[in-house]
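# Overview (structure and organization)
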There are 4 protein chains.
Amino acid sequence: MQTLSKECLSIIQQRPQNSHKGTFGRTVLIGGNAQFGGAIIMSTEACVQAGSGLTTVITDSTNHPALHARMPEAMSVDWNDRQLCDSVIATADVILIGPGLGEDKKSQELLSYIFKSQTKDQYLIIDGSAISLFAKGNEALPYPEMTVFTPHQMEWQRLSGIKIADQTEEINQAVQQELQATIVLKSHQTEIYDDRNAFQNPLGNPGMATGGTGDTLAGMIAGFLAQFPHSVETINAAVYLHSYIADQLAQDNYVVLPTKISQALPYWMKKFEK
Amino acid sequence: MQTLSKECLSIIQQRPQNSHKGTFGRTVLIGGNAQFGGAIIMSTEACVQAGSGLTTVITDSTNHPALHARMPEAMSVDWNDRQLCDSVIATADVILIGPGLGEDKKSQELLSYIFKSQTKDQYLIIDGSAISLFAKGNEALPYPEMTVFTPHQMEWQRLSGIKIADQTEEINQAVQQELQATIVLKSHQTEIYDDRNAFQNPLGNPGMATGGTGDTLAGMIAGFLAQFPHSVETINAAVYLHSYIADQLAQDNYVVLPTKISQALPYWMKKFEK
Amino acid sequence: MQTLSKECLSIIQQRPQNSHKGTFGRTVLIGGNAQFGGAIIMSTEACVQAGSGLTTVITDSTNHPALHARMPEAMSVDWNDRQLCDSVIATADVILIGPGLGEDKKSQELLSYIFKSQTKDQYLIIDGSAISLFAKGNEALPYPEMTVFTPHQMEWQRLSGIKIADQTEEINQAVQQELQATIVLKSHQTEIYDDRNAFQNPLGNPGMATGGTGDTLAGMIAGFLAQFPHSVETINAAVYLHSYIADQLAQDNYVVLPTKISQALPYWMKKFEK
Amino acid sequence: MQTLSKECLSIIQQRPQNSHKGTFGRTVLIGGNAQFGGAIIMSTEACVQAGSGLTTVITDSTNHPALHARMPEAMSVDWNDRQLCDSVIATADVILIGPGLGEDKKSQELLSYIFKSQTKDQYLIIDGSAISLFAKGNEALPYPEMTVFTPHQMEWQRLSGIKIADQTEEINQAVQQELQATIVLKSHQTEIYDDRNAFQNPLGNPGMATGGTGDTLAGMIAGFLAQFPHSVETINAAVYLHSYIADQLAQDNYVVLPTKISQALPYWMKKFEK
C-alpha cells in the first residue's frame, strides 16, 4: 500500500486564463431528504469551495431555504421535478448521490434513476445511504470504472460483505476487483483502492470524528473531479487535502467542524497551486 | 460547598487517534416548538461545537430551515415522525429535552414519551419548560441517577417547592436527596448538587444575563456527557468552561451573546486539553 | 438646541454582578409582514446586541426562519396567535411597533391592539409604518409621556402636518408639546424633542443612507430603554452611539450596512462603560 | 477598443453630507424562481453592498427566507402580488431583471410587464435568462438608450445572432448600433459597447469562473447606476471594480466566491473614493 504525500496535490494546477465556468465542470449533487438536509448542504459547500464551475443540488424542496442561505452560489432543484432533473443531469460532468438521501422508496427510485441516466463520460460518486441502498439492491453499476464509492467501515461491510475486523488490504483489494469501482474506505486512516493500487492517507486527526466530515469529503471529491482529470490521483488529492486542512485547524480546535474545512479550501488550494 | 477551579477542566482529554464519530457519542436534543425555535438551535450549536460525535435534533419541522442554515452538522427530525424518533432515541447516549419545548399538550406528550423510552445507559438532561412540565406532572424519573435538571432559580422553586429566598445549600441538598438527580441550579453563581457534594461556580459575569445563555449551557452539558464520563465532574467542567469563555468575551463585550460562547468552544477546549 | 456629546453615553453603566436576564428588561418588537421581514430582523439584531435581557418578536410566521437563522437569541411569536401575544406583551418593559409592519388592515389592528394593551409602566416606541398609521387614524396615545416616535422627515410631515421645509426647531417643539411624546426626528443630523428640551446629534455620515439604518436605530432605542432609565437621556445615548459606531465603520467603508452597526454594539458599549 | 484603467473608478465620489437613502437611488431586482433563488440573492448582496439607497427584490416567495437570512437590508416582494409590484416599480430608479428568472411562461410575463412599466427615466438592466427570453420574443425595448444587456458569450450569440467565434469588435459594435442598448459582453476579458465606444476590461482571473459571478456583476451595475450617473462610465466602473476586487481575492484564493466580492465592496469603494 502506498502512503500518500504532499506530492499528490500537484494535480492542483494553475487555471488557464481563457476559461469560463464550464471549463471547471458541472457537478450535480443528489441527497437531503426532508429530515436530513444538513448532509447535502455540507457536500455542496465543499464542492463549491473546491472550485466546481457550476454546482446544482437535487434535493427535497424543504432544504432550499437553508441551502441558499448558506451557499447561494449553488443552484437548487426539487427532486420531484423530473423534467428539470433530466436536463440538469444530462449536462453534468460529475454526479454525487447519497448524503442525507435516506433509504426509503423515494431514495431507491432516485438511485435507480441515476443509474439509468448516467452516461459513459459522467463520473458517479456513491456516498452515504446510497451505498447501503446499492448493497441491498441488485442493480449493476452502469460504468464501474467511472464510479467511486466512499463508504465508512460499516458501509463497506454492507457493500463488500467483509466484516470490519477482516477489512485488510488484500481482502479489500479483492472485492474492489469484483466491483471495479474505485473505493474510498473512510476511517481514521482512509484507504483508496482502484484496479491497480491501494493508497493510504497518513493524515487526519480525531477532532474530525464528528457528523458531516464524510459528507464534506464526498463534496470535495466531486468538486475535484469536476475540474481535474477523472483519475484516482484526483481522488487521492481530495482525500489528502481534506485531512491536511483538518490537521491545520486541529492545532487550535479540539473539534474540527466540517464546514470550516470547506471554508478553508480556496486558501489552501491556492497555497498548493502548481 | 466546594468552589470549582480550572482543575475541573482536566476531563477534557486528548482524543484517541483510532476513533470515529461514534466514539464521541450520539446526542439527541428535543425542543423548539413552532414559536420558540431559537432555544433549541442555540443548544444544538453548543452541543456540536462541544464535540458531540453525532447530534440529532427532534423539533417542530418549521425549525429545520434555520437549524440547517446555522448548523448543517446537526441532523433534524420532525417530532411528529414517531417512527424516526424511536430509531434516533434508541441509539442515543445522551438526551436533552426542554429548550423551547413549550408547555402545551404536545410538549407533555414528548416528555412522557422520553421517560418511557429512556434506557438505563442513557443520560437525560431536563431543561427549561420540561422542568416546569415535570414539576406540574406526577411522573417519576425512570433513572434519577442518570438524570440532570438545569433549572434557573424560578424553575427550581417550581420543581423543589423551595422559594427563591430560601434556596440555601442545606435545603437544596435535601431536595436533591429526594430527587436523586443531579441539579444544576443556574444563577449568577451557579451551583451543582449531586448525591454527595455541592459545588459552586466562581466565574460568570452580568453580560451573560441575556436570552439563550441557559440553552447554550444545556447543550454544552449534553455535548460533554456524550464524550466524557457520565459523572458530576463532566457537568462541573461544562458549567465552569461556559462561564470561563463568557468571562473572556466580556473583556471586550458589554453583552455576551450565547452563540459567541458556542463558537469559541473548540478553541478553548483545545487550550485546556490534557 | 443642545448638541449631544460623548458625555451622553454615561448612562451605559457597569452591570450589577447579582443580576439575571430579567434585570435588563423584556422587549417586545412588533413588525415584519409577509413581504417586509428584513426591517424587523434588523431591529431585533440591534435590540439583542444592545443588551435587552429578553427579546421577543411578534411578526408574520413567514419571517421566523430568517429571524432564527440570524438571531436565535430572540424569540419569535406568530402575530395571529393572540393568546401568546397577550402573555408576551403583558410582561414587556418596552414595546416597539412599526418596522416592516405595513399599512394594511392587519397592521392597523395590531397598532390598536397595542394601544389597548399598553400599561402605564411600559415604554412604547412607534416607528416606520406605525407612524403613518397613527397619523392617518384618530386614536389617542394611551401614555404620551411613555411614548417615543422615531419618524424620518416625511413621516414627521405626516404625523405633525409640518412640511419638511418648515421643520424648524420652534415649530417641531410646538407640535411635540401637543403630542407630549418624545420625538426622534431622523435626518442627516437627527434631532430629539421632549417636553423640555431639543437635542441635536452632531455625528453620522452619508454612508448610513441605506435601507435599514432607521430600523436598527429603533431596535437600539428599545434595547437601551429595556435596561437603562426610561428617560430622554437613554434615547439620546442610543442615537449618539448609533452614529458614533457608523462613523467608525465609515472610515473603511463607503456604505455602512446597518447590521454591521448592530454587530459592533457589544464592543463599543464595553468601551464606553462607566 | 479602449482598455479600462483605474481612472474609470473616479465616478466613485464622496457622498454629500446632506443626503438620505433616496439620494442614492431605489433599485428593484427581479428574478429567482422557485428553483433558482441563489442568483437573485447574489445580485441583491452586490447591489446593497455597492450602495444602492433602497433595494427591493421581486421574486418567488419561496426565496424570502434565504434572502432575509443573508441580507435583511433588502426588501422582498412576492412577484404574484401585482399591486405591490406596481407600486415598487413606479418609484424605481433602476430595474434589473433576469438572475434566476427562468424561461417559462411566468418569466416571460414578468419581462413583458417590465417593458410595459418602464418609464423614460428608469434604467433597465437585462441579465441571464431575461436575455434569452428577449432574444426568443419579438418585443421592442421601450427605451434602448436606457437599457443595458449583460450577456455572456452564448447569451450574446442568442441575442445578436453572432456565433461566439465571430464575436469581433466590429461585428459586435454593428449589432449594438441596431439594438441601441449598452452591451456588457462578459468573458474572461469583458467588453462594453455603447453607441460611440467599445471598452475592454483588462482585469479578471480564472478563479472567477464559478456560478454567480455574473449575477454579482449585474447587481453591482444596478447599485452603481442607482447612485452614480446613468452613463457608460458608471457601467465601466462596476465592471472594472468587480474584477479588481476579484484579483485581490485571487492572491490568496484558488476560487473567488462571488459573495466574497460583494462583501469586499464597501471597503474598496472607500479606498477609491474621490
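Because the structure is a prediction, the values reported are computed rather than measured.

Counting residues at the interface gives 30 residues for chain B, matched by 38 residues for chain C. For the pair chain B and chain C, the two sides together bury roughly 2,600 Å², of which 59% comes from carbon and sulfur. Taken together, the links from chain B to chain C amount to zero salt bridges. Linking chain B with chain C are eleven residue pairs in polar contact (both at pLDDT 80 or more). Elements supplying a minimum of two residues to the side of chain B that touches chain C: helix 1 (37-50), helix 2 (64-70) and helix 10 (258-272) of chain B. For the side of chain B that touches chain C, the element with the most residues is helix 1 of chain B, which contributes six residues. Along the lines of polarity and charge, the residues of the side of chain B that touches chain C split into 15 nonpolar, twelve polar and three charged.

The next subject is the interface of chain D and chain A. At the interface, 30 residues of chain D touch 38 residues of chain A. Taking both sides of the interface into account, the surface hidden between chain D and chain A amounts to around 2,600 Å²; carbon and sulfur atoms contribute 59%. Its largest share of buried area at the contact with chain A, chain D owes to Gln-35, Pro-206 and Tyr-254 of chain D, together 31% of the area lost on that side. At the junction of chain D with chain A, the criterion picks out zero salt bridges. For the pair chain D and chain A, the number of links is eleven residue pairs in polar contact (both at pLDDT 80 or more). Mapped by element, the contributors of at least two residues to the side of chain D that touches chain A are helix 1 (37-50), helix 2 (64-70) and helix 10 (258-272) of chain D. Of the residues in the side of chain D that touches chain A, the class split is 15 nonpolar, twelve polar and three charged.

Moving on to the relation of the copies chain B and chain C. Superposing chain B onto chain C takes a rotation of 90 degrees plus a shift of 0.0 Å along the axis, which leaves an RMSD of 0.0 Å. On the angle and the small slide along the axis, the relation comes out as a four-fold axis. Different-surface contact between copies: only 10% of interface residues of chain B are shared with the interface of chain C.

All names here are of chain D. One can find Thr-44 in helix 1. Side-chain polar atoms of Thr-44 contact the backbone oxygen of Ile-40, separated by 2.6 Å. Setting aside chain neighbours within four positions, we find Thr-44 in contact with Leu-29, Thr-55, Val-57, Leu-67, Met-71 and Ala-74.

Residue and element names in this part refer to chain C. The geometry of helix 4 (residues 105-117) relative to helix 5 (residues 129-136) is characterised by a closest axis approach of 10 Å and an angle of 80 degrees between their N-to-C directions. One way to sum up the angle between helix 4 and helix 5 is to call them roughly perpendicular. Between helix 4, through Ser-107, Gln-108, Leu-111 and Phe-115, and helix 5, the contact on the second element is made entirely by Ala-130, Leu-133 and Phe-134. Residues belonging to the contact of helix 4 with helix 5 are distributed by class as follows: five nonpolar, two polar and no charged.

The next thing to look at is the UniProt feature "binding site: (6S)-NADPHX" (unreviewed entry) in chain A. Residue and element names in this part refer to chain A. Following the UniProt record, the feature "binding site: (6S)-NADPHX" (unreviewed entry) maps to Ala-39, Gly-100, His-152 and Asp-215 here. Its relative accessible area of 16% is what places Gly-100 among the buried residues. If we ignore the near neighbours within four places in the chain, the residues touching Gly-100 are Gly-31, Gly-32, Asn-33, Phe-36, Ala-39 and Ser-129. Tracing the sequence through the fold places Asp-215 in helix 8 (residues 213-227).

Moving on to the relation of the copies chain D and chain A. With an axial shift of 0.0 Å and an RMSD of 0.0 Å, the rotation relating chain D to chain A amounts to 90 degrees. When the interface residues of chain D are mapped onto chain A, a mere 10% of them are again interface residues, pointing to distinct binding faces.

In this section: the sheet that holds strand 6 (residues 123-127) of chain A. Residues and elements named next belong to chain A. Read from one edge to the other, the open sheet built from ten strands follows the order 1-10-9-8-7-6-5-2-3-4, with strand pairing classed as mixed. Only two strands of the sheet have a single neighbouring strand rather than two, namely strand 1 (2-3) and strand 4 (75-78). Bridging between strand 1 and strand 10 (residues 198-200) involves two bridges; their strand directions are parallel. Note on strand 10: the bridge partner recorded for Gln-2 is Phe-199. This element, helix 4 (residues 105-117), spans strand 2 (26-30), strand 5 (94-97) and strand 6 of the sheet and lies at about 160 degrees to strand 5.

Take the side chain of Thr-259 of chain D next. Among the structural elements, Thr-259 of chain D can be located in helix 10. Side chain to side chain, Thr-259 of chain D and Glu-73 of chain A meet in a polar contact 2.6 Å long. Beyond its immediate sequence surroundings of up to four residues, Thr-259 of chain D is in contact with Pro-72 and Glu-73 of chain A together with Met-42, Glu-45 and Arg-70 of chain D.

Bringing the arrangement of the chains into the picture now. Of all C-alpha pairs spanning chain A and chain C, none lies closer than 9 Å, and the two are not in contact. The two units chain B and chain D are non-contacting; their minimal C-alpha-C-alpha distance is 9 Å.

Looking at chain A as a whole, the pLDDT averages 96, with 100% of positions reaching at least 70. With a pTM of 0.97, the predicted complex shows an ipTM of 0.96.

Right, let's talk about the packing of helix 9 (residues 232-250) of chain C against helix 10 (residues 258-272) of chain C for a bit. Residues and elements named next belong to chain C. Where helix 9 contacts helix 10, the two axes come as close as 10 Å, and the packing angle between them is 105 degrees. Taken together, helix 9 and helix 10 sit at an angle that is classed as roughly perpendicular. On the side of helix 9, the interface is formed by Leu-241, His-242, Tyr-244, Ile-245, Ala-246, Gln-248 and Leu-249, while helix 10 contributes Lys-260, Ile-261, Ala-264, Leu-265, Trp-268, Met-269 and Phe-272. Tallied by class, the residues present in the contact of helix 9 with helix 10 amount to eleven nonpolar, two polar and one charged.

Another point: the environment of Ile-12 of chain A. Tracing the backbone shows Ile-12 of chain A in the loop between strand 1 and strand 2. Ile-12 of chain A sits in the buried class, given a relative accessible area of 0%. C-alpha separation for the pair Ile-12 of chain A and Pro-202 of chain A, spaced 190 residues apart in sequence, amounts to 19 Å. Residues contacting Ile-12 of chain A, with those up to four places away along its chain left out, are Phe-224, Phe-228, Leu-241, Met-269, Phe-272, Glu-273 and Lys-274 of chain A together with Tyr-254 of chain D.

Below, the discussion takes up the pairing of strand 7 (residues 147-150) of chain B. Residue and element names in this part refer to chain B. Residues Thr-147 and Phe-149 line one face of strand 7 and the alternating positions Val-148 and Thr-150 line the opposite face, and both faces are buried. Where strand 6 (residues 123-127) and strand 7 come together, four bridges link them in parallel fashion. Bridge pairing links Ile-125 to Val-148 in strand 7. Taken together, strand 6, helix 5 (residues 129-136) and strand 7 constitute a β-α-β crossover, and its handedness is right-handed. Pairing geometry for strand 7 and strand 8 (residues 182-185), over two bridges, is parallel. Along strand 8, the bridge assignment pairs Val-148 with Thr-182.

We now examine the UniProt feature "binding site: AMP" (unreviewed entry) in chain A. Residue and element names in this part refer to chain A. According to UniProt, the "binding site: AMP" (unreviewed entry) feature falls on Lys-186, Ser-187, His-188, Gln-189, Thr-190 and Gly-214. Across 29 residues, the annotated set stays spatially compact, with a maximum C-alpha separation of 13.0 Å. Position of Gln-189 among the secondary structure elements: in the loop between strand 8 (182-185) and strand 9 (191-193). Those residues in contact with Gln-189 that lie beyond four places of it in its chain are Gln-200, Asn-201 and Pro-202. Within the fold, Thr-190 resides in the loop between strand 8 and strand 9. With relative accessibility at 8%, the residue Thr-190 sits in the buried group. If we skip the residues at most four places from it in the chain, Thr-190 touches Val-184, Leu-185, Phe-199, Gln-200, Asn-201 and Val-239. For Thr-190, the side chain forms a polar contact with the main-chain oxygen of Ser-187, separated by 3.2 Å.

This next bit is on the nonpolar core. With 236 residues, the main nonpolar core has Leu-241 of chain A, Leu-241 of chain B, Leu-241 of chain C together with Leu-241 of chain D as its most contacted residues. Sequence-distant contacts of Leu-241 of chain D, that is, excluding residues within four places in its chain, are made with Leu-9, Ile-12, Met-220, Phe-224, Leu-265, Trp-268, Met-269 and Phe-272 of chain D.

Quick notes on the rules
- Residues numbered from 1 in each chain as written.
- Chains lettered and ligands numbered in written order.
- Predicted model: local features only at pLDDT ≥ 70, side-chain atom pairs only at ≥ 80, totals over all residues.
- Heavy atoms only, no water.
- Contact = heavy atoms within 4.5 Å.
- Buried area = accessible area lost by both parts, 1.4 Å probe.
- Salt bridge = Lys/Arg side-chain N within 4 Å of Asp/Glu carboxyl O.
- Polar contact = N/O pair within 3.5 Å; in protein donor to acceptor, adjacent residues only side chain to side chain.
- Helix = DSSP H or I, 4+ residues; strand = E, 2+ residues; numbered from the N terminus.
- Nonpolar A, V, L, I, M, F, W, Y, C, P; charged D, E, K, R; others polar.
- Least-squares fit on C-alpha atoms with pLDDT ≥ 70 in both.
- Axes fitted to C-alpha atoms, helices over the stretch in contact; angles between N-to-C directions.
- Parallel < 35°, antiparallel > 145°, perpendicular 65-115°, else oblique.
- UniProt positions renumbered as here; feature names shortened; annotations may be inferred.
- Buried < 20%, exposed > 50% of the residue type's maximum accessible area, 1.4 Å probe, protein only.
- Pairing = 2+ DSSP bridges.
- pLDDT = per-residue confidence, 0-100.
- Right-handed = clockwise from strand over helix to strand, strands pointing away.
- Core = buried A, V, L, I, M, F, W, Y, C linked by side-chain atoms within 4.5 Å.

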